[in-house]
Amino acid sequence: MLTSFATILTDMGSGGCDDCDGQSEQSTRKFISITNQRNIKILYPSPDWINKFGKIINDVLKLKQSLYSKNINLCQTRDLLLPKLISREIDVENLEINTGEIAP
């Protein structure tokens, strides 16, 4: 029987793991004996799938970095303008504000 490691971890978290005989019941985390670890078969993706995943995750990480940078800029702008708006040092009532793109 081929068992995925993720399934084992999920089952352990829910309190039951039929494939994990020999695990400790006296700790807050379940323990899989070395003998049982050696019997676990792990599937590895093909290099083609790894490359496809890499391309997708690379785009996601670029978007994350872009949004993080924009968030930092927005926080700095807020921290600069909010006190001035509250004290009425500046007035934006009659300004036309172009917000631009929300995300790239």
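What counts, and where the lines are drawn
Residues numbered from 1 in each chain as written. Predicted model: local features only at pLDDT ≥ 70, side-chain atom pairs only at ≥ 80, totals over all residues. Heavy atoms only, no water. Helix = DSSP H or I, 4+ residues; strand = E, 2+ residues; numbered from the N terminus. Buried < 20%, exposed > 50% of the residue type's maximum accessible area, 1.4 Å probe, protein only. Areas by Shrake-Rupley, 256 points an atom, 1.4 Å probe, with all protein chains shown as cover. Salt bridge = Lys/Arg side-chain N within 4 Å of Asp/Glu carboxyl O. pLDDT = per-residue confidence, 0-100. Contact = heavy atoms within 4.5 Å. Expected span 1.5 Å × (residues − 1). Bend = angle between axes of the 7 residues up to and from the residue.

## Details of the overall build of the protein
Logical step 1: Across its full length, the protein holds three helices and zero strands.
Logical step 2: Secondary structure elements in the protein, listed N-terminal to C-terminal, are α-α-α.
Logical step 3: By the burial criterion, 10% of the 104 residues in the protein qualify as buried.
Logical step 4: Within the structure as shown, the protein displays about 9,500 Å² of accessible surface, and the carbon and sulfur contribution to it stands at 57%.

## Notes on the pattern of salt bridges
Logical step 1: One pass over the structure, following the stated rule, counts two salt bridges.
Logical step 2: Between Lys52 and Asp48 there is a salt bridge, with the nearest N and O atoms lying 3.5 Å from each other. With a gap of four residues between them, Lys52 and Asp48 both fall in helix H3 (residues 47-86), about one helical turn apart.
Logical step 3: What makes Lys52 partly exposed here is its relative accessible area of 41%.

## Side note on unusual backbone geometry
Logical step 1: For Arg88, which is not glycine, the phi dihedral falls at a positive 60°.
Logical step 2: Its location among the elements puts Arg88 in the segment after H3.

## Description of the confidence of the model for the protein
The predicted coordinates of low-pLDDT regions are not to be read in fine detail.
Logical step 1: Residues with a pLDDT of 70 or more make up 68% of the protein, whose mean pLDDT is 78.
Logical step 2: Put simply, helix H1 (residues 5-13) is where the protein has its lowest mean pLDDT, 48, and H3 is where it has its highest, 94.
Logical step 3: Predicted confidence for residues 1-9 stays below pLDDT 50, and this span has 12 contacts to residues more than four positions away or in other chains.
Logical step 4: Counting contacts from residues 11-19, a segment whose pLDDT is below 50, to residues more than four positions away or on other chains yields 13 contacts.

## Notes on H3
Logical step 1: In this model, H3 (40 residues) spans 57 Å end to end at C-alpha, consistent with the 58 Å of a helix rising 1.5 Å per residue.
Logical step 2: Most pronounced at Leu80, the bend in H3 amounts to some 25°, and the proline Pro83 follows within four residues.
Logical step 3: At the C-terminal side of H3, Arg88 shows a positive phi close to 60°.

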